[in-house]
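Architecture and fold: a report
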Amino acid sequence: MSANTTILNLPEDELVHPGNRACAGCGLSILYRVGLKALGRNTILVVPPSCLTVLQGLYPIAATQLPCLNVTFASTGAATSGIIGALKAQGKTDITVAAWAGDGGTADIGIQSLSGACERGENFIFICYDNEAYMNTGVQRSGTTPQGVITTTTPISGKLQQKKDVPAIMAAHNLNYVATGSAAYPLDVYDKIVKAKTISGPKYIHLQTPCPAGWGFDPRYAVKIGRLAVETGLFDLYEIDHGTFRLTGASLKLLGKTRRPVSAYFETQSRFRALSETQIAAIQTQTDEKWAEYERKMAAE
Amino acid sequence: MSDATFACKKSHSEPGPGDAGKTGSWRVLRPIIDVTVCIPAKTNKMACFNCWLYCPDGVITRTIPPTINYDYCKGCEICAEECPVDAIQMVEETKLIKKEK
Amino acid sequence: MHVIESGNVAAANGVKLARAQVIAAYPITPQTPLTEKLSEFVDGGEMKAEYIPVESEHSALAVCIAASSAGARAFTATSANGLLYMVEQIHWAAGARLPIVMCVVNRGIGAPWTVWNDHQDSISQRDAGWIQMYACDHQQIIDTVIKAFFLAETVSIPVMVCYDGYLLSHTYMPFDVPEVAKVDEFLPPFTPSYALDPGNPANLNTVTLPDIRPDVRGNMAPGYMEIRHNLHVDLRRAMEKIAEIDARFQKIFGRGGNPFVEPYRSEDADFIAVCLGSLSYQLRDVVDLLREEGLKVGVVGVRLYRPFPDQAVIDTLSNAKGIIVFEKALSYGNQGALFADIKAALYHSPQRPFAANYILGLGGREIKTEDLLKTFRDACNLNDAESDTPKWIGLKL
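Scope of this entry: the structure provided in the associated data block. (Residues numbered from 1 in each chain as written. Chains lettered and ligands numbered in written order. Predicted model: local features only at pLDDT ≥ 70, side-chain atom pairs only at ≥ 80, totals over all residues.)

**Focus: the overall build of chain C**
Our working definition: A helix here means a DSSP run of H or I that spans at least four residues, while a strand means a run of E at least two residues long, and both kinds are numbered starting from the N terminus. The quantity called the radius of gyration is restricted to C-alpha atoms. Its globule counterpart is 2.2 Å times the number of residues to the power 0.38. Exposed residues have 12 or fewer other C-beta atoms within 10 Å of their own C-beta, buried residues have 20 or more, and residues in between are partly exposed; the C-beta atoms are placed from the backbone. Remark: residues whose backbone-derived C-beta atoms lie within 7 Å of one another are considered to be in contact.
When helices and strands are counted, chain C shows 13 helices and 18 strands. For a compact globule of 397 residues, the expected C-alpha radius of gyration is about 21 Å, and chain C comes in at 21 Å, within 12% of that figure. The principal-axis extent of the C-alpha atoms belonging to chain C is close to 70 × 50 × 45 Å. Within the span of chain C, comprising 397 residues, buried residues form 55% of the whole. Here the analysis covers contacts within chain C between residues at least 6 apart in sequence; of these, 79% occur between residues at least 24 apart.

Written out as structure tokens, the structure is:
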């Protein structure tokens, strides 16, 4: 993809009002602000319960300047179908319909309805902001919480299971566009959302959004930590455009280079405090294997 | 056909700032931009603006010099951390408030 | 046009004539043929609608909620466990004041599994804030569906049109399919008070606080409790509209009347049977037979269950000596829900008849006319003291 957006030509128009209830240093806030710039004002949003519900404001004031339908936790995908159907029935075909859901609302309780909407080929963008636990309810483990992480429901040993690979699940629906992004690289996310708007059918974008309160770090490091996740090769920026996988931006630049050790990422956050040396070594091996596969894939092209 | 006396009795929120009030009151440290160091301020060129890009609350302007809306700045310090030339200093609010008095 | 068709086909024709714009469809017995018929209408070009084949009932109502919020006339249908899988959305649709119409083709709920008819499914949702109407035959099914859209959109409250699984859904009866032009005259296109619109952005169903708060202009907005209070008040007020709409329908189509309760030979009756759904028509035969025996009996079918038509209940029942409530549902551990409601309505009437409660037909257990005859006859000899505990008919212990 051509990353043509820079800090200087990113649209000025702010679609999220300040004075909202997001925590200081919220990774979601960074990408919600930039993401709505990419979606533009001619958009209808669908939002299930999550931190975003709180960020967008308590009745009767909304921080979000786009029309938005708040829906039940499990129904985001189906609700986008309903809006699209209603717009079609009224001959309104130029409006973008986009869902913003958290990791629980996407990977766990929301996956059935998301999968259904994708199977039906609805023309919408589904954006998952992954802060890797149920943050709005106070940091409980989710399907996308990484292995070893301490949450309030994995309080001592950390989560035993691995992170669910949601973009891969979505790619298995044969979507025309699947992409990942990070709060540390807002311009990359902006370009991916803008690109998604030009592609028909369901589009899925998975965003990593560091969470100071839930991950255990000082808010000032929210962007730094997002960057570290990418630089250590733990969270990768890529897109799958009509079936073709390619690394993008900062992840693409890591090809052929020595990545920073995963331990550099783990030591910045208290949620990883239960990880043993053996576990860290195993995750390093897994990460190295994943990157060896990337190198092979890119070399083959 | 919908009867106006029955209609629209639902949670219907309208966009507006400050849903959570003046969130500047959350701040412990205040970011202060040193215009002698800040790249756009110093060079008088549209450049850098990392602070504007990364501000989660959109309270920094992409102007020369950048300005910060202290009514709503939550004091997260991301701007200070992401400034490539360390032009943003975080100063304790208590000291500033004393001085301002 | 007169046709001989099933109850599900009657409902589907009503939805077609009402020009529903978005249809969410998920199969469940005995509702499935309704959904199939609608797909045939849409796929064959007879009906212009977005037909969305969802992956669950929870999603079916999610589609309707979103479609209605975006300004479209929305319909879905379900039964039994499908209805229960929707429960969260049922309450949501009412709280969001969306004029969705849903057919509930009544079926017993598991466990154990049953696909046969009783009323436990819709009765379990009586407190959700929806309007609930019960049809007794095929003509009532098609007419009620058409009226339900008008009503829902008038009062901004969703409507369930309930009818008996198999007994009505799968049996064939003659009924009149109204003319398109007349239905168009009766039911204009949906004009929502607000529809999701980028040109006029609003954030719907946001989080509320316990107390009221000012809006962006500084005016106090109603809070959660006020919104819920409005729903209740508007449900009660909806009864006036139901009467008006029924009268208008009657004027255009020449049939209707009794949208609240449907009395049969009850005017001078000493003992009146009360029930929901098609059972009231079976009880008409029983009433005729008992009248031949010299017993002054009648039957009242309750057509509108929520909002509960107290006044109509008082007007039709309070002069009788005894009320016998037959129910295909039960508030487990207490008594029949309809029974409790009828008794509550009669509490303030000057002359309070005794009331007896019979539970029957659960999970499709056959309701024999001879059993009804015997029960009704015996019930006429009951006295107040022994009447309050529900008795079961057709139970084989």
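Now that the structure has been shown, the text picks up again.
**Observations regarding the environment of Gly233 of chain A**
Residues and elements named next belong to chain A. Counting through the fold element by element, Gly233 comes out in the loop between helix 9 (222–231) and strand 8 (238–241). In this structure Gly233 comes out as buried when scored by C-beta crowding, with 21 C-beta atoms within 10 Å. Each C-alpha atom, one on Gly233 and one on Tyr265, is 9.9 Å from the other, the two residues being 32 residues apart in sequence.

**Some details on the nonpolar core**
What counts, and what does not: A set of buried Ala, Val, Leu, Ile, Met, Phe, Trp, Tyr and Cys residues, joined through C-beta atoms within 7 Å, is what we mean by a nonpolar core.
Grouped together as the largest cluster of nonpolar side chains are 250 residues, with contacts concentrated most on Ile83 of chain A together with Val22, Val63, Val145 and Val161 of chain C. Residue contributions to this core peak at ten residues, all from helix 7 (residues 138–155) of chain C. Discounting residues that sit within four places of it in the chain, Val22 of chain C has contacts with Gly82, Gly85, Ala86 and Ala89 of chain A together with Ala49, Glu50, Ile52, Val63, Cys64, Ala67, Ala72 and Ala74 of chain C.

**Observations concerning unusual backbone geometry**
Looking along the chain, the bond that leaves Thr29 of chain C and enters Pro30 of chain C is cis, with omega of 0°. Position of Pro30 of chain C relative to the elements: it lies in the loop between strand 2 (22–25) and helix 2 (32–43). Phi is positive for Phe49 of chain B, close to 60°, though the residue is something other than glycine. Mapping Phe49 of chain B onto the fold places it in the loop between helix 1 (39–43) and helix 2 (50–54). Phe49 of chain B sits in the buried class, given 22 other C-beta atoms within 10 Å. Positive phi, close to 60°, is recorded for Arg97 of chain C, a residue that is not glycine. Here Arg97 of chain C shows up in the loop between helix 5 (87–95) and strand 5 (101–106). Given 27 C-beta atoms within 10 Å, Arg97 of chain C falls into the buried group.

**Overview of the sheet that holds strand 4 (residues 74–78) of chain C**
Note on sheets: strands pair through backbone hydrogen bonds, and any given pair is parallel or antiparallel. Residue and element names in this part refer to chain C. Test applied: In this scheme, strands are said to pair when DSSP sees at least two bridges between them. Lines fitted to C-alpha atoms define the axes here, with helix axes fitted over just the stretch in contact, and angles between the N-to-C directions of these axes take values from 0 to 180 degrees.
If you trace the seven strands from one edge of the open sheet to the other, you get 3-2-4-5-7-6-15, paired in mixed fashion. Only two strands of the sheet have a single neighbouring strand rather than two, namely strand 3 (50–53) and strand 15 (304–306). Taken pair by pair, the neighbouring strands of this sheet meet at an average axis angle of 20°, ignoring direction. Pairing of strand 2 with strand 4, which is carried by three bridges, proceeds in the parallel orientation.

**Re the interface of chain A and chain C**
The parts lose accessible area when they come together, and the size of an interface is often stated as this lost area. Inclusion rule: Classification convention: Asp, Glu, Lys, Arg as charged; Ala, Val, Leu, Ile, Met, Phe, Trp, Tyr, Cys, Pro as nonpolar; all other residues, Gly among them, as polar.
At the junction of the two partners, chain A supplies 39 residues and chain C supplies 39 residues. At the level of secondary structure, the elements contributing two or more residues to the side of chain A that touches chain C comprise strand 1 (43–47), helix 2 (51–55), strand 2 (61–62), strand 3 (68–70), helix 3 (76–89) and helix 5 (111–119) of chain A. If one sorts the elements of the side of chain A that touches chain C by residue count, helix 3 of chain A sits on top with ten residues. Tallied by class, residues from the side of chain A that touches chain C come to 20 nonpolar, 17 polar and two charged. Where strand 3 of chain A and strand 9 (residues 203–204) of chain C come together, two bridges link them in parallel fashion. Within strand 9 of chain C, the residue paired with Leu69 of chain A across the bridge is Leu204 of chain C.

**Examining helix 2 of chain C**
All names here are of chain C. Here is the rule we go by: A helix's residues, less one, multiplied by 1.5 Å, set its expected span. In this context, the arc is that of the directions from the helix axis out to the C-beta atoms.
Here helix 2 spans 16 Å end to end across twelve residues, near enough to the 16 Å set by a 1.5 Å rise per residue. The set of residues buried in helix 2 consists of Leu34, Thr35, Lys37 and Leu38. What you see down the axis of helix 2 is that its buried residues fit within an arc of 160°, all on one side. Two residues or fewer past helix 2, Gly45 is found with a positive phi of approximately 80°.

**Some words on the environment of Thr209 of chain A**
Residues and elements named next belong to chain A. Position of Thr209 among the secondary structure elements: in the loop between strand 7 (203–208) and helix 8 (212–215). Take Thr209: there are 26 C-beta atoms within 10 Å of it, and that puts it in the buried class. Spatially, the C-alpha atoms of Thr209 and Leu228 are 12 Å apart, while their sequence positions differ by 19 residues. Once you skip the residues sitting within four places of it in the chain, Thr209 turns out to touch Gly27, Leu28, Leu31, Tyr129, Asp130, Asn131 and Ala183.

**A look at the sheet that holds strand 9 (residues 244–247) of chain A**
Strand order across the open sheet formed by eleven strands is 2(A)-1(B)-9(C)-3(A)-1(A)-4(A)-5(A)-7(A)-6(A)-8(A)-9(A), with mixed pairing between neighbours. Each edge of the open sheet carries a strand with a single partner, namely strand 2 and strand 9 of chain A. Taken together, the five bridges between strand 4 (residues 96–102) of chain A and strand 5 (residues 125–130) of chain A define a ladder with parallel strand orientation. In the sheet register, Ala101 of chain A faces strand 5 of chain A, and the bridge partner there is Cys128 of chain A.

**So, the interface of chain B and chain C**
On the side of chain C, 24 residues touch chain B, which itself brings 14 residues to the contact. As paired strands, strand 1 (residues 12–15) of chain B and strand 9 of chain C are joined by two bridges and run antiparallel to one another. In the strand pairing of strand 9 of chain C, His12 of chain B is matched with Leu204 of chain C.

**What about the packing of helix 11 (residues 310–317) of chain C against helix 12 (residues 337–346) of chain C?**
Residue and element names in this part refer to chain C. This is how it is decided: Orientation categories follow fixed angle ranges, with anything under 35 degrees roughly parallel, anything over 145 roughly antiparallel, 65 to 115 roughly perpendicular, and all other angles oblique.
Viewed as axis vectors pointing N to C, helix 11 and helix 12 meet at an angle of 75°, and their least axial separation amounts to 9 Å. Between helix 11 and helix 12, the angle falls in the class roughly perpendicular. Where helix 11 abuts helix 12, its residues Asp310, Val313, Ile314 and Leu317 lie against Ile342, Ala345 and Leu346. Per-class residue counts for the contact of helix 11 with helix 12 are six nonpolar, no polar and one charged.

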